[in-house]
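Structural overview
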Amino acid sequence: MRRYLISMASSVAGIILYSAAPAWAIDSDMLKVFTTTPQPEANVQENPIPRETVTYDGPYAPGTILISTKERRMYLVLQEHQAIKYGVGVGRPGFEWGGVKLISRKAEWPDWTPPPQMLKRRPDLPRHMAGGIDNPLGARAMYLGSSLYRIHGSNEPDTIGQAVSSGCIRMTNEDVEDLYERVHVGTKVIVLRN
């Protein structure tokens, strides 16, 4: 029962009320500025979608995070026309969103408290779960503005590359730890709903 509960909690972690796409749209052609040149990052443990360094010739400054919900990939723009490309899990149908947020807080092995919206739909979930390996937020979390959305780790690597979350952006624990060390509070995150 505990494994089922944790699995179910992980699949609904990060619930947010449905957020419609803003009236303005970010041009999905922005992602055409990336050119893949396979250069796998070192020391990556088993990952369904290995991270890699790609060429970037777009308008965003180094340090910017771009997320393509259609592609289910995240790009961290680096210096010298490069970016790191990560596989991510995104919001399932009805929980998609797009827009611009800033990282407002970072946490290692964060606690998880399901918001009221989630508990209304899933009263069987725990009211609070301490941080740790069984926590659906995984090893790290980066909170996006004043929203309930996060970029966070996952103890279910098979969900990376899928649209299964309640709006949060999931990464493997190895990848979220890597990203966590590279970004800071105030980092711009652009989510392309395309």
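Residues numbered from 1 in each chain as written. Predicted model: local features only at pLDDT ≥ 70, side-chain atom pairs only at ≥ 80, totals over all residues. Heavy atoms only, no water.

**Topic: the overall build of the protein chain**
If you tally the helices and strands in the protein chain, you get 3 helices and 12 strands. The burial tally for the protein chain puts 50% of its 194 residues in the buried class. Partitioning the intrachain contacts of the protein chain with sequence separation of at least 6 by distance along the chain shows that 67% fall at a separation of at least 24. For the protein chain, the accessible surface area stands at approximately 9,200 Å², while carbon and sulfur atoms represent 53% of it. (Helix = DSSP H or I, 4+ residues; strand = E, 2+ residues; numbered from the N terminus. Buried < 20%, exposed > 50% of the residue type's maximum accessible area, 1.4 Å probe, protein only. Contact = heavy atoms within 4.5 Å. Areas by Shrake-Rupley, 256 points an atom, 1.4 Å probe, with all protein chains shown as cover.)

**Here we look at the pattern of salt bridges**
Pairing is possible between side chains of opposite charge, provided their charged atoms come close. Under the defined criterion, the tally for this structure stands at 8 salt bridges. The partner of Arg140 in a salt bridge is Glu108, with the nearest N and O atoms 3.9 Å apart. Highlighted residues: Arg140 in strand E8 (residues 140-144) and Glu108 in strand E7 (residues 99-108), separated in sequence by 32 residues. A salt bridge links Arg182 to Asp178, with the nearest nitrogen and oxygen atoms 2.8 Å apart. In this pair, Arg182 and Asp178 are both assigned in helix H3 (residues 173-182), 4 residues apart and thus about one turn of the helix distant. Residue Arg182 is classed as partly exposed on the basis of its relative accessible area of 38%. Assessed through its relative accessible area of 14%, Asp178 is described here as buried. Here the salt bridges do not stand alone but share partners, grouping Arg51, Asp175, Asp178 and Arg182 into one network. (Salt bridge = Lys/Arg side-chain N within 4 Å of Asp/Glu carboxyl O.)

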